[in-house]
Amino acid sequence: MKTKPILTLEDCEKIQAACRAEALKNKWNVTIAIVDDGGHLLSLSRGDGAGPVTAEIAARKAHAAAVSRRSTKLSEERIASRPALIKMPVLPVQGGVPIMHEGQCVGGVGVSGVQSHEDEQVCNAGIAALG
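Residues numbered from 1 in each chain as written. Predicted model: local features only at pLDDT ≥ 70, side-chain atom pairs only at ≥ 80, totals over all residues. Heavy atoms only, no water.

Engineer: Hey, could you go over the overall build of the chain for me, with residue numbers and the actual values?
Structural biologist: Summing up its helical and strand segments, the chain has 4 helices and 4 strands in all. Reading the helices (α) and strands (β) of the chain from amino to carboxyl end gives α-β-β-α-α-β-β-α. On C-alpha atoms alone, the chain measures out to a radius of gyration of 14 Å, which is about the 14 Å that the 2.2 N^0.38 rule sets for 131 residues. Along the longest, intermediate and shortest principal axes, the C-alpha atoms of the chain span 40 × 35 × 20 Å. The buried share among the 131 residues of the chain stands at 44%. Carbon together with sulfur atoms contributes 54% to the accessible area of the chain, which is approximately 7,200 Å² in total. Looking at charge distribution, the chain has the averaged site of its 15 positive side-chain charges lying 6 Å from that of its 14 negative ones. (Helix = DSSP H or I, 4+ residues; strand = E, 2+ residues; numbered from the N terminus. Rg over C-alpha atoms; globule rule 2.2 N^0.38 Å. Buried < 20%, exposed > 50% of the residue type's maximum accessible area, 1.4 Å probe, protein only. Areas by Shrake-Rupley, 256 points an atom, 1.4 Å probe, with all protein chains shown as cover. Lys, Arg positive; Asp, Glu negative; His and termini not counted. Charge placed at Lys NZ, Arg CZ, Asp CG, Glu CD.)

So this is what it looks like as structure tokens:
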């Protein structure tokens, strides 16, 4: 039987802290969602001033990144050239990034609240905290 790495609560706390630090440094009001490799929510943090809808959007971006095993930016680009892909069960908006460990997807981070490329910047800061 194979074994696989999984995200722990401690991992989620590290990711959340690094994401929050990046957002605060830039004065961005965002929501940060972290999911496991199946897209199931592990952690959600809606920052002060982040709109209520950002919670759902962040969670959907994280889910999309985890289950597709690719950034949501890539999905957004693919749909731009092939509109029929809009029927795919992923949110095709930049700001969701898969969390990879030793070549395996262990989850995803999704951020919502600022421009999509800034959301992704926050995601990447969080993932970088895992080392």
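Engineer: Break down the sheet that holds strand S4 (residues 104-112) for me, with residues and values.
Structural biologist: Taken together, the 4 strands give an open sheet; going across it, the order is S2-S1-S4-S3, and neighbouring strands pair in antiparallel fashion. With partners counted over all chains shown, the strands left at the sheet margins are strand S2 (41-46) and strand S3 (96-101), one partner each. In this sheet, adjacent strand axes meet at a mean angle of 15 degrees when their direction is disregarded. As defined by bridge partners, strand S1 (residues 31-36) adjoins S4 across 6 bridges and the pair is classed as antiparallel. Paired with Ala33 across the bridge in S4 is Gly110. (Pairing = 2+ DSSP bridges. Axes fitted to C-alpha atoms, helices over the stretch in contact; angles between N-to-C directions.)

Engineer: Requested: an account of the pattern of salt bridges, with residues and values cited.
Structural biologist: Taken as a whole, this structure holds 5 salt bridges when the rule is applied. Among the salt bridges present, the one from Asp37 reaches Lys4, with a minimum N-O distance of 2.8 Å. Here Lys4 lies in the segment before helix H1 (9-25) and Asp37 lies in the loop between S1 and S2, a separation of 33 residues in the sequence. Between Lys73 and Glu77 there is a salt bridge, and its shortest N-O distance comes to 4.0 Å. On the criterion of helical spacing, the pair formed by Lys73 and Glu77 is a turn pair, its members being 4 residues apart in helix H3 (residues 72-81). (Salt bridge = Lys/Arg side-chain N within 4 Å of Asp/Glu carboxyl O.)

Engineer: Which residues make up the side chain of Lys61, and what values do they have?
Structural biologist: Among the secondary structure elements, Lys61 is positioned in helix H2 (residues 53-68). A relative accessible area of 2% places Lys61 in the buried class. Among the polar contacts made by the side chain of Lys61, one reaches the main-chain carbonyl oxygen of Val111 at a distance of 3.0 Å. Residues in contact with Lys61, not counting those within four places in the same chain, are Thr72, Leu91, Val93, Gln94, Gly95, Gly96, Gly110, Val111, Ser112 and Asp119. (Polar contact = N/O pair within 3.5 Å; in protein donor to acceptor, adjacent residues only side chain to side chain. Contact = heavy atoms within 4.5 Å.)

Engineer: Pulling in residues and values, what's your account of the pairing of S2?
Structural biologist: Direction of pairing for S1 relative to S2: antiparallel, over a ladder of 5 bridges. Considered in S2, the bridge of Thr31 is made with Arg46. Between S1 and the antiparallel strand that follows it, S2, lie 4 residues; Gly39 among them carries a positive phi value of about 85 degrees.

That's the geometry; what it means functionally is another story.
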